[in-house]
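# Coordinates in review
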Amino acid sequence: MYAFRPSGDELTCDDVALAAIAASVGTPTYVYSAATLRERIAALHAGFGDYPHALHYALKANSNLAVVRVVRAAGGFVDANSGAEIEVALRAGCVPADIVFTGVGKTPAEIDRAVALGVKTINAESAGELERIAAAARRHGTVAPVALRVNPDIASGSHPHISTGLVTHKFGVPITKARAIVREAAAHAELRFVGLHVHIGSQMVGLDPLRRAATAVIGLAQELHDDGISVEHLDLGGGLGIAYDDESVPPLDAYAAALVDIVRPSGLTVVVEPGRAVAGPAGALLASVVDVKPRGDGTWFVVLDAGMSELLRPALYGAYHRIEAVTARDGAPVPCDIVGPICESSDVFGVGRSLPAPTVGLVVAVLDAGAYGSAMSSNYNRHALPAEVMVDGGAWRVVRRRQTVEEQLMCEE
Ligand code: LLP
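The notes below deal with the structure included here.

About the thresholds
Residues numbered from 1 in each chain as written. Predicted model: local features only at pLDDT ≥ 70, side-chain atom pairs only at ≥ 80, totals over all residues. Heavy atoms only, no water. Salt bridge = Lys/Arg side-chain N within 4 Å of Asp/Glu carboxyl O. Helix = DSSP H or I, 4+ residues; strand = E, 2+ residues; numbered from the N terminus. Buried < 20%, exposed > 50% of the residue type's maximum accessible area, 1.4 Å probe, protein only. Expected span 1.5 Å × (residues − 1). Polar contact = N/O pair within 3.5 Å; in protein donor to acceptor, adjacent residues only side chain to side chain. Contact = heavy atoms within 4.5 Å. Near = heavy atom within 4 Å. Areas by Shrake-Rupley, 256 points an atom, 1.4 Å probe, with all protein chains shown as cover. Nonpolar A, V, L, I, M, F, W, Y, C, P; charged D, E, K, R; others polar. Domains from an automatic or database assignment. Pairing = 2+ DSSP bridges.

### Observations regarding the pattern of salt bridges
Per the counting criterion, the structure on display carries 21 salt bridges. With a shortest N-O distance of 3.1 Å, Asp98 and Arg72 are connected by a salt bridge. Residue Asp98 is found in the loop between helix H4 (83-91) and strand S7 (99-101), and its partner Arg72 is found in helix H3 (residues 65-73); the two are separated by 26 residues along the sequence. Given a relative accessible area of 23%, Arg72 falls into the partly exposed group. One connected set of salt bridges, linked through shared partners, spans Arg179, Arg183, Glu223 and Asp227.

### Side note on helix H2 (residues 34-48)
Across its 15 residues, H2 extends 22 Å between first and last C-alpha, which sits within 8% of the 21 Å expected from 1.5 Å per residue. Burial in H2 covers these residues: Ala34, Thr36, Leu37, Arg40, Ile41, Leu44, Gly47 and Phe48. Backbone geometry just after H2 places Gly49 at a positive phi near 60°.

### Looking at the side chain of Ser156
Looking at the element boundaries, Ser156 is found in the loop between strand S9 (144-151) and strand S10 (173-174). At a separation of 2.7 Å, a polar atom in the side chain of Ser156 contacts the side chain of Ser163. Residues within four places of Ser156 in sequence aside, it is in contact with Ser163, Ile200, Gly201, Met204 and Pro209.

### Let's talk about unusual backbone geometry
Note that the residue after Thr27, namely Pro28, is joined by a cis bond; omega there is -5°. Mapped onto the secondary structure, Pro28 falls in the loop between helix H1 (18-25) and strand S4 (29-33). Phi at Gln203 is positive, roughly 55°, even though this residue is not glycine. The phi dihedral of Ala357 is positive, around 40°, even though this residue is not glycine.

### Section: the site of the ligand
Near the ligand there are 20 residues, and of these Ser202, Glu273, Arg313, Tyr317 and Tyr372 occur at the shortest range. In the environment of the ligand, an oxygen atom lies 2.4 Å from a nitrogen or oxygen atom belonging to the side chain of Ser202. A distance of 2.8 Å separates an oxygen atom of the ligand from a polar backbone atom of Arg276. Out of a free accessible area of 580 Å², the ligand has 92% covered by protein chains. Tallied by class, the residues present in the shell around the ligand amount to six nonpolar, eight polar and six charged. The residue makeup of the shell around the ligand includes at least three contributed by each of domain 1 (4-32 + 280-412) and domain 2 (34-279).

### So, the sheet that holds strand S2 (residues 10-13)
Two pairing modes exist for strands in a sheet, parallel and antiparallel, and in both the strands are linked by backbone hydrogen bonds. Spatially, three strands are ordered S1-S2-S3 in an open sheet, and the strand pairing comes out antiparallel. In this open sheet, the two edge strands, each paired with only one partner strand, are strand S1 (4-7) and strand S3 (16-17). Bridge count for S1 against S2 is four bridges, and the pairing is antiparallel. Bridged to Pro6 within S2 is Leu11.

See below:
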């Protein structure tokens, strides 16, 4: 069930009034539904059924410790995209075997740490990186489990900024070169080839590109098998979209079942790295109206205290997020652009919207902001990183308090 729903005059998160949270914590504040995180992990598990699989939630979507703990307790593992995300995973209670480590530009220190910890798999991005992983494993007297990320030259059909599967994109190695690279690297005693990895993009609303990518890596796995190299799993990345507006998006269990259909003949374990599909619908950003001014064409600017510094997606991708008042209001809907306070014309959350009787102090919820919301927030214009709240079982608590100016300046001279 969608967490952010009306109850009487109030918009709630799992029946907790968002207005009450805003009144207590202030705005801008992210609110997350623990129940939704659990439900979405459970739906994925259900879709995979008894086919061997592992869910590695992509931490980049939202790595608040409380979010990661809920995901982990629900049976999700993690995909870390940096050394710091590995540390967050460990602090959230993951063990190294729960972690796959991905990333297009792993530093020597990050590789060293991942090898020393013994993470489940390092998804390598190049032949050179495989060499560096082998060298680190040699130094540590260990064998590093690796997968090679391949680039299958398949269009994701989603926004160009979040498409990663064409040869013109920096990710992985061209699939045409992969067989030779794996054969060469597999000669290293310090490397154990456990998988192949592919991730062609994000916010995909159709399953076809995902099916094609899976088919491509299965073909490669077969070729490697013929070469005497047998991988154990296929990591098919993340990428399933969510309905920000009225898009029709396959449900989680249908997505999982579609992947199983393709992979089953290979018998290989499926690994997936969903980020948005787990956390996106589980979060909303609460913001307060700080100004309402006429545009001169009969419509209005409604200015919020949150902008691109708190939620970058609209400015960066032209992304759509529904925006709703958290308390029912009398009065006719006012046609408006809903904008942030940042000194950039791209700092717009919604064009051609309407809000009922917007006045200063009104709190609104920007919906489906649980993924790539807080995670991409910044101190631009010296905005504080927002507070974050977890709603769980009818109660709520602050899981990250709002940053202070002192904390922003702590690292400066
Ligand atoms: N695995 C890898 C290797 C990835 O690069 C990503 C996302 C994921 C998994 C998770 O993908 P998801 O299931 O969330 O689609 N900031 C953008 C999204 C960037 C996605 C980057 N990589 C946005 O706000 O739309």
